[in-house]
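Next come the chains, spelled out residue by residue.
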Amino acid sequence: MNRRRTTVAVAAAGVAAGVVGLGVLAMPAGAGPAPVLPEVGAQELVESVLTAKPAAFGGSIQVDNNLGIPVLAGAPQLSDGESKARMWTDGQGRTRVQLPSGNSERTLVNDGSTLWMWNSADQKVVKHSADERPAERKVADPVSAAREVVTAVQQYSDVSVDGTARVANRSAYELVLAPKPDERTVLREVRVAVDSELRVPLRVSVLTNGTAEPAAQIGFTDFEAGAQDASLFSFTPPANAEVVEGKAKDEGAKRGPDSEQAEKLAQESGLKTVGEGWDAVLVAKASPDVLGQLGQARDGRFGKRVDGVEGRSDSRPPWARGSEDSTGSGSEGSADQDRRGQGLDPQKLLSQLGKKVSGDWGSGTLISTRVGSALIADDGRVALGAVPEQVLVEAIGQVK
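What is the right way to look at the overall build of the protein chain in this model?
Assigned secondary structure in the protein chain consists of 9 helices and 20 strands. Burial status across the protein chain gives 52% buried among its 400 residues. Accessible area for the protein chain stands at about 17,200 Å²; split by element, carbon and sulfur atoms hold 49% of it.

In structure tokens, the structure reads:
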């Protein structure tokens, strides 16, 4: 499977059989007039995004999910809402992330040798060796998000610089990547606000055809470059906390298939990419066993992942997840979280998310959002992309 082409389809579409992959941030472009900055070439900004390695900084990250997905019983994390996180790094690999969730908070601290994961809701600390950091605990920020998206679509885009903006009270250039004319996609462009001084991405926005507001965005709401307090990168478990040794494979077992199992499932389902660029479509055929696993899916102890940051104060979008309930409040969040993901009926969930469709290709359910669509056939075939329905139909016809 071509991982780069797969990234294009996933990054562009953001929705796969009911799982949100991109989030939306509806925050203003910046306060005050656009700053006046020296001219810069588009390719120069692209290189800055791809090679950005910010030194020490502290900042607040905000994501809003505005995909137009309704609140669903048993799966509140799929609906629209807001997520916030606070992040610090010393520029040398040590990090701290705080994820507010109603009356509780999750804290992740990498002190260079140990990854500490603290959940105040259940008073539990899970510790891992920093070398075996669980993949699902990696937190995305605007810098890494921009690098991933630009890497995925730059080859298939017309690239330009469209003025300047203020983001997190800092001046920035607006780098724009728009699909080339022969690309069939519902997306209009990706905009990356690149700090004019540090040349690091401060915000990533995805806009769709026919709309003026971003359909997907992650960005800093404040950003402070420079050395951070060293105490932020150390962690001492509270006296009353339960401390357990965690292993990546154990965490994966609780959250669902680990990376090795997921790779096996991808191979068994024939997961592949049809087409290239913005109109690339992921296709697969899910076996009854895979559908059964979806129905038994459970949320992890530190929250669900959908687009990087974990922890969510509303109902959890991408790059930020994990709340005790859809509003992020309540003292029984841990128990609810253990129950909420169990026993979901995939067919019932599909009927809530999409509409029944049929054609020469067969019959199934079409799930549409502002950034993409998924076509799930009744026989288990799946097609996903940031494309119109007809492109999905053409792609799903290639799945046997």
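Could you clarify how one ought to interpret the sheet that holds strand β16 (residues 281-285) in this entry?
Through backbone hydrogen bonds, the strands of a sheet pair up, either in parallel or in antiparallel fashion. Read from one edge of the open sheet, 6 strands run β15-β16-β20-β19-β18-β17, paired in antiparallel fashion. The outermost strands of the open sheet, each flanked by one partner alone, are β15 (272-274) and β17 (355-359). With strand direction ignored, the average angle separating the axes of adjacent strands in the sheet is 25 degrees. Judged from the 4 bridges that link them, β16 and strand β20 (residues 381-385) form a sheet pairing that is antiparallel. Residue pairing across strands places L282 opposite L384, the latter belonging to β20.

Explain the nonpolar core here, please?
Across soluble globular proteins, nonpolar side chains have a tendency to be buried as a group. Counting 48 residues, the largest nonpolar core has V49, L175, V190, V192, L202, F220 and F223 as the members making the most contacts within it. The dominant element in this core, judged by the number of residues it contributes, is helix α3 (residues 142-153), at 7 residues. Leave out the neighbours within four places in its chain, and V190 touches V149, L175, V176, L177, V204, S205, V206 and W278. Core analysis: the second largest hydrophobic core is formed by 16 residues, V274, V283, V387 and V399 among them.

What exactly am I supposed to notice about the packing of helix α2 (residues 42-51) against α3 here?
Viewed as axis vectors pointing N to C, α2 and α3 meet at an angle of 125 degrees, and their least axial separation amounts to 8 Å. Taken as axis vectors, α2 and α3 run oblique relative to one another. Every pair of crossing elements has a handedness; the one defined by α2 and α3 is left-handed. Where α2 abuts α3, its residues V46, V49 and L50 lie against A146, R147, V150 and T151. Partitioned by chemical class, the residues of the contact of α2 with α3 number 5 nonpolar, 1 polar and 1 charged.

Can you walk me through unusual backbone geometry in this structure?
Trans is the common state for peptide bonds, and a negative phi is the common state for residues other than glycine. Located in the positive-phi region is A168, a residue other than glycine, with phi close to 55 degrees. Residue position: A168 is located in the loop between β9 (157-167) and β10 (170-179). A168 sits in the buried class, given a relative accessible area of 15%. We note that R199 has phi near 60 degrees; this positive angle belongs to a residue other than glycine. Mapped onto the fold, R199 is located in the loop between β11 (187-195) and β12 (201-208). Residue R199 is classed as partly exposed on the basis of its relative accessible area of 23%.

Can you walk me through the pairing of strand β19 (residues 372-377) in this structure?
Taken across its 6 residues, β19 has 6 buried, putting it largely inside the fold. Residues G372, A374 and I376 point to one face of β19 and S373, L375 and A377 to the other, with burial holding for every one of them. For strand β18 (residues 362-369) and β19, the ladder comprises 6 bridges, and the chain directions are antiparallel. Considered in β19, the bridge of I367 is made with A374. Between β18 and β19, which pair antiparallel and follow one another directly, the connecting turn spans 2 residues. In the sheet, β19 pairs with β20 via 4 bridges, with the strands oriented antiparallel. The partner of L375 across the bridge, within β20, is A383. The antiparallel pairing of β19 with β20 creates a hairpin that spans 3 residues between the two strands, and G380 there sits at a positive phi of about 100 degrees.

Honestly, the packing of aromatic side chains in this entry has me stumped. Any pointers?
Under the defined criterion, the tally for this structure stands at 4 aromatic pairs. Geometrically, the ring pair formed by F57 and F223 is stacked, given 5.1 Å between the ring centres and 25 degrees between the ring planes. Within this pair, whereas F57 is found in strand β3 (residues 57-65), its partner F223 is found in strand β13 (residues 216-225), the two being separated by 166 residues in sequence. F57 gets classed as buried once you look at its relative accessible area, which sits at 3%. Arranged with centres 5.6 Å apart and planes meeting at 35 degrees, the rings of W116 and F235 form a pair that is tilted. Residue W116 is located in strand β7 (residues 114-119), and its partner F235 is located in the loop between β13 and β14 (242-245); the two are separated by 119 residues in the primary sequence. This pair shows no difference in class: W116 is buried, exactly as F235 is. Put simply, the rings of F57, F220 and F223 touch in pairs and so form one group of aromatic residues.

What exactly am I supposed to notice about the pairing of strand β8 (residues 124-129) here?
Put simply, side chains in a regular strand alternate between the two faces of the sheet. Bridging between β7 and β8 involves 6 bridges; their strand directions are antiparallel. Bridge pairing in β8 places N119 opposite K124. As judged from the 4 bridges shared by β8 and β14, these two strands associate in the parallel manner. Bridge pairing links V125 to V243 in β14.

Sorry if this is basic, but what is going on with the pattern of salt bridges here?
A side chain with one charge may pair with a side chain of the opposite charge, provided their charged atoms come close. This model, assessed by the stated rule, comprises 14 salt bridges. When the shortest N-O distance is used, the salt bridge between R191 and D162 registers 2.9 Å. On the criterion of sequence distance, the pair formed by R191 in strand β11 and D162 in strand β9 is long-range, its members being 29 residues apart. Judged by relative accessible area, R191 falls into the buried class, the value being 16%. Across the pair R381 and D379 runs a salt bridge, and its minimum N-O distance is 2.9 Å. For R381, a relative accessible area of 8% translates into the label buried.

The rules behind these values
Residues numbered from 1 in each chain as written. Predicted model: local features only at pLDDT ≥ 70, side-chain atom pairs only at ≥ 80, totals over all residues. Heavy atoms only, no water. Helix = DSSP H or I, 4+ residues; strand = E, 2+ residues; numbered from the N terminus. Buried < 20%, exposed > 50% of the residue type's maximum accessible area, 1.4 Å probe, protein only. Areas by Shrake-Rupley, 256 points an atom, 1.4 Å probe, with all protein chains shown as cover. Pairing = 2+ DSSP bridges. Axes fitted to C-alpha atoms, helices over the stretch in contact; angles between N-to-C directions. Core = buried A, V, L, I, M, F, W, Y, C linked by side-chain atoms within 4.5 Å. Contact = heavy atoms within 4.5 Å. Parallel < 35°, antiparallel > 145°, perpendicular 65-115°, else oblique. Left-handed = near helix turned anticlockwise from the far one by under 90°. Nonpolar A, V, L, I, M, F, W, Y, C, P; charged D, E, K, R; others polar. Phe/Tyr/Trp six-rings, centres within 6.5 Å; stacked < 30°, edge-to-face > 60°. Salt bridge = Lys/Arg side-chain N within 4 Å of Asp/Glu carboxyl O.

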